[in-house]
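In case you want the letters, here they are:
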Amino acid sequence: MTTDLTRATAAELADLLGAGTVSSREVTQALLDRTAAVDGAVHSYLHVDGEGALGQATEVDRRRAAGESLHHLAGVPVAVKDVLATRGLPTTCGSRILEGWVPPYDATLVTRLREAGMPILGKTNMDEFAMGSSTEHSAFGPSHNPWDLDRIPGGSGGGSSSVVASFQAPLAIGTDTGGSIRQPAAVTGTVGAKPTYGGVSRYGLVALASSLDQAGPCSRTVLDSALLHAVIAGHDPMDSTSIDAPVPAVVEAARRADVSGMRIGIVKELTGEGFQPGVQARFEEAVQHLVDGGAEVVEVSCPSFTYALAAYYLILPSEASSNLAKFDAMRYGLRVSPEGVDAPSAEQVMAATRDAGFGDEVKRRIILGTYALSSGYYDAYYGSAQKVRRLIANDFAAAFERADVLVSPTAPTTAFRLGDKLDDPMAMYLNDIATIPANLAGIPGLSVPSGLADEDGLPAGFQVLAPAMADDRLYAVGAALEARLTAAWGGPLLDRAPDLTEVAR
Amino acid sequence: MADLTRADVAHLAGLARIDLSDAELDRMVGELGVILEAVATVQQAPIADVEPMSHPMPIVNVTRPDVVRPSLAPQDALAAAPETEQQRFSVPRILDEE
């Protein structure tokens, strides 16, 4: 076990706290000190709440000292993506239109973190309204990849992935609409899981695309993600799409870490051509590790995946154009009056505000969605996309007849350079090609580090997909792979990342 | 599929209540054209006789008992408003002056 509190895993911290070896205040302070030292270089946070986190830590320490029965993770700090409402803490969704907004309520997920006694360190950076794959669309400037500060940390949850990869937090919450937990995990050498759609409440999660959005855990180990998953999952009467069924036994599965007898399906359409050779090589090695662990490999084909990206980029903007209509300058957020207009109307103020408050990518998607839903084009675009969505769900159902889980590289490439794809929306969108199908079908997915690509020495991710409500299988496979790879590497992959302390100074 | 013109984008921006500048309009015509061409491929999928799927899980209407419970206090609900007056949201004029 490491003695550096910032490098300890959440499971290790929980044990240290439970044994009384350290206090939550000490852990929280160590992480805040690390943030003070390195966040100038990585820009993982939009808002750090040192005082609040230390206050929560002190309270947990007091309750523990009083002999109260506490949650296993009580006192373990966590960072939260800035798309989740946090009472008394700014929530901006990475957008100027919400700059300075302080929600009067907590998202259910945040309530659960608070109830578990987990100090909230702050709010992590993200692409504006979760639209992007690089965090470059944040109105407050991009986050950077701790492995190479000139590269993207993934998106839209690049803040949540980089905060974990740069040892500023053992755990973070992300949201995944088309891969925004898994792709950032892949390119930063961390673990990220998208639970089954409806497995974690979306109440208080500012909606991008309601039928696709799903919050989930980011961490440095598979067990840590499972532990956090168990805290936030479960039915919520405040969310009508929340699944009213027992949470899969994710922690037990992660501890078991067993793939013997499991059928692993390699999705033909999500490997090979179009994937960076180094990423593909790490994927094939990972598959071999699973075979060595007793798994059987089958190849499956999901022919409709060819259309997944197109369907996603119609469904998402359509839902986003509707969801973002609430930013109308009337009840909260920015209000801008048009120049040179005396006594402007509400409509004119709304249009001026939305031009000033939304960034380019958000405008692009709102207008695309408006087009796709408009009279005369609805059937050709949105209607066709919904039918493709059904085909994709059918492909998954057929694939899961033959395999217990499906696997692929998480992202086609390692982290690209900041600025490289900013002016080419389609190139940016292609980065989510392997993660999007799971969101369209609502199934859970996990990304585990598979090693460093030979070409650039940057992390690659291994994706595991399971049927809806079989999230436990992700953790069984992920933990088994992680154990074998960590043994092969002689330690965690992140130990090889730059320390950043010198760069930040 | 119809090519998107500058006038089309301006019309869509109007529907979406976003005042785009001339430069933004010029740039967006090109970008949206490329994106639309890519996403139009959904029509090439074998989708005849396929039931559309709007949501990944079966959606049922959810109701709760109609009981009074705590809600946001007026000052909390109004705390983030750009402008308030007499404990209400103050909004720009909604009706025409004539």
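Not measured: the values here are computed from a predicted model.

## Some remarks on the overall build of chain B
Piece 1. Tallying secondary structure elements over chain B gives 3 helices and 2 strands in all.
Piece 2. In sequence order, the secondary structure elements of chain B are arranged as α-α-α-β-β.
Piece 3. The globule rule puts the C-alpha radius of gyration for 98 residues at 13 Å, and the 23 Å found for chain B is more than 25% above it.
Piece 4. Considered along the principal axes of its C-alpha atoms, chain B spans approximately 55 × 45 × 25 Å.
Piece 5. Accessible surface, chain B: about 6900 Å² in total, of which carbon and sulfur atoms supply 52%.
Piece 6. Computed over 7 positive and 17 negative side-chain charges, the separation of the two mean positions in chain B equals 9 Å.

## Brief notes about the sheet that holds strand S11 (residues 459–465) of chain A
Residue and element names in this part refer to chain A.
Piece 1. Pairing is mixed in the open sheet, where 11 strands are placed in the order S1-S3-S2-S4-S6-S5-S10-S11-S9-S7-S8. Only two strands of the sheet have a single neighbouring strand rather than two, namely strand S1 (45–48) and strand S8 (296–300). For this sheet the average axis-to-axis angle between neighbouring strands, irrespective of direction, equals 25°.
Piece 2. Judged from the 3 bridges that link them, strand S5 (residues 191–194) and strand S10 (residues 445–452) form a sheet pairing that is antiparallel. Paired with Gly 192 across the strands is Ser 447, a residue of S10.
Piece 3. The sheet contacts of helix H2 (residues 24–42) involve S1 and strand S3 (120–124), and relative to S1 the element is tilted by about 135°.
Piece 4. Running over the sheet, helix H7 (residues 222–232) touches strand S2 (78–81), strand S4 (171–175), S5, strand S6 (215–219) and S10 and is turned about 150° from S6.

## A look at the pairing of S3 of chain A
All names here are of chain A.
Piece 1. With 5 of its 5 residues buried, S3 lies for the most part within the structure.
Piece 2. One ladder, built from 3 bridges, connects S1 with S3; its direction is antiparallel. Paired with Tyr 45 across the two strands is Thr 124, which belongs to S3.
Piece 3. Pairing of S2 with S3 involves 3 bridges; the strand directions are parallel. Within S3, the residue paired with Val 78 across the bridge is Ile 120.
Piece 4. For the crossover from S2 across helix H4 (residues 108–115) to S3, the handedness is right-handed.

## Quick look at the packing of helix H12 (residues 360–372) of chain A against helix H1 (residues 6–15) of chain B
Piece 1. Between H12 of chain A and H1 of chain B, whose axes approach to 9 Å, the crossing angle comes to 95°. It follows that H12 of chain A is roughly perpendicular to H1 of chain B by the angle criterion. Contact with H12 of chain A, carried on its side by Ile 367, Thr 370 and Tyr 371 of chain A, involves Leu 12, Ala 13 and Leu 15 of chain B of H1 of chain B and no other residues of that element.
Piece 2. Its residues assigned to classes, the contact of H12 of chain A with H1 of chain B comprises 5 nonpolar, 1 polar and no charged.

## Let's talk about the UniProt feature "domain: Amidase" (unreviewed entry) in chain A
Piece 1. With numbering aligned to this structure, UniProt lists the feature "domain: Amidase" (unreviewed entry) at residues 26–474 of chain A.
Piece 2. As annotated, residues 26–474 of chain A has a helix share of 38% and a strand share of 13%, and its two end C-alpha atoms lie 33 Å apart.

## Considerations on the environment of Pro 90 of chain A
All names here are of chain A.
Piece 1. Counting through the fold element by element, Pro 90 comes out in the loop between S2 and H4.
Piece 2. Spatially, the C-alpha atoms of Pro 90 and Phe 167 are 23 Å apart, while their sequence positions differ by 77 residues.
Piece 3. Look past the residues within four positions of Pro 90 in its chain and what remains in contact with it is His 47, Asp 82, Trp 101, Val 102 and Lys 123.

## Considering a nonpolar patch on the surface
Piece 1. Taken together, the side chains of Phe 89, Val 91, Ile 94 and Leu 95 of chain B define a hydrophobic patch exposed on the protein surface, amounting to about 410 Å² of accessible area.
Piece 2. Checked against the element boundaries, Val 91 of chain B lands in the segment after strand S2 (88–89).

## A look at the UniProt feature "active site" (unreviewed entry) in chain A
Residue and element names in this part refer to chain A.
Piece 1. The sites that UniProt annotates as "active site" (unreviewed entry) are Lys 81, Ser 156 and Ser 180. Taken together, the annotated residues stretch across 100 residues yet fold into one region, lying no more than 10.9 Å apart by C-alpha.
Piece 2. Examined against the element boundaries, Lys 81 turns out to sit in strand S2.
Piece 3. Lys 81 gets classed as buried once you look at its relative accessible area, which sits at 0%.
Piece 4. Beyond its immediate chain neighbours, meaning those up to four positions away, Lys 81 contacts Lys 123, Thr 124, Met 126, Ala 130, Ser 156, Gly 157, Ser 160, Ile 173, Gly 174, Thr 175 and Ser 180.
Piece 5. Following the sequence through the fold, Ser 180 ends up in the loop between S4 and helix H6 (182–188).

## As for H1 of chain B
The α-helix advances 3.6 residues per turn, and as a result positions three or four apart in sequence lie on the same side.
Piece 1. Among the residues making up H1 of chain B, those that are buried are Val 9, Leu 12 and Ala 13 of chain B. Take H1 of chain B and look down its axis: the buried residues cluster within an arc of 100°, on one side only. In H1 of chain B, the exposed positions angled more than 90 degrees off the buried face are occupied by Ala 7 and His 11 of chain B.
Piece 2. Among the structural elements, H12 of chain A together with helix H2 (22–39) of chain B are those in contact with the buried residues of H1 of chain B.
Piece 3. One or two steps after H1 of chain B, the chain reaches Arg 17 of chain B, where phi turns positive at roughly 55°.

## Regarding the nonpolar core
As a rule of thumb, nonpolar side chains are buried together in soluble globular proteins.
Residues and elements named next belong to chain A.
Piece 1. In this structure, Leu 113, Phe 129 and Tyr 475 are the most contacted members of the largest nonpolar core, which totals 167 residues.
Piece 2. Top element by residues in this core is helix H13 (residues 379–402). It accounts for 11 residues.
Piece 3. Aside from chain neighbours lying at most four places away, what touches Phe 129 is Cys 93, Ser 95, Ile 97, Leu 98, Val 206, Leu 208, Leu 324, Phe 327, Phe 358 and Val 362.
Piece 4. In this structure, Ala 165, Phe 167, Leu 452 and Leu 493 belong to the second largest nonpolar core, which totals 8 residues.

What counts, and at which threshold
Residues numbered from 1 in each chain as written. Chains lettered and ligands numbered in written order. Predicted model: local features only at pLDDT ≥ 70, side-chain atom pairs only at ≥ 80, totals over all residues. Heavy atoms only, no water. Helix = DSSP H or I, 4+ residues; strand = E, 2+ residues; numbered from the N terminus. Rg over C-alpha atoms; globule rule 2.2 N^0.38 Å. Areas by Shrake-Rupley, 256 points an atom, 1.4 Å probe, with all protein chains shown as cover. Lys, Arg positive; Asp, Glu negative; His and termini not counted. Charge placed at Lys NZ, Arg CZ, Asp CG, Glu CD. Pairing = 2+ DSSP bridges. Axes fitted to C-alpha atoms, helices over the stretch in contact; angles between N-to-C directions. Contact = heavy atoms within 4.5 Å. Buried < 20%, exposed > 50% of the residue type's maximum accessible area, 1.4 Å probe, protein only. Right-handed = clockwise from strand over helix to strand, strands pointing away. Parallel < 35°, antiparallel > 145°, perpendicular 65-115°, else oblique. Nonpolar A, V, L, I, M, F, W, Y, C, P; charged D, E, K, R; others polar. UniProt positions renumbered as here; feature names shortened; annotations may be inferred. Patch = residues over 30% accessible without salt bridge, like charges linked within 9 Å, V, L, I, M, F, W, Y side chains within 5 Å. Salt bridge = Lys/Arg side-chain N within 4 Å of Asp/Glu carboxyl O. Arc of directions from axis to C-beta. Core = buried A, V, L, I, M, F, W, Y, C linked by side-chain atoms within 4.5 Å.

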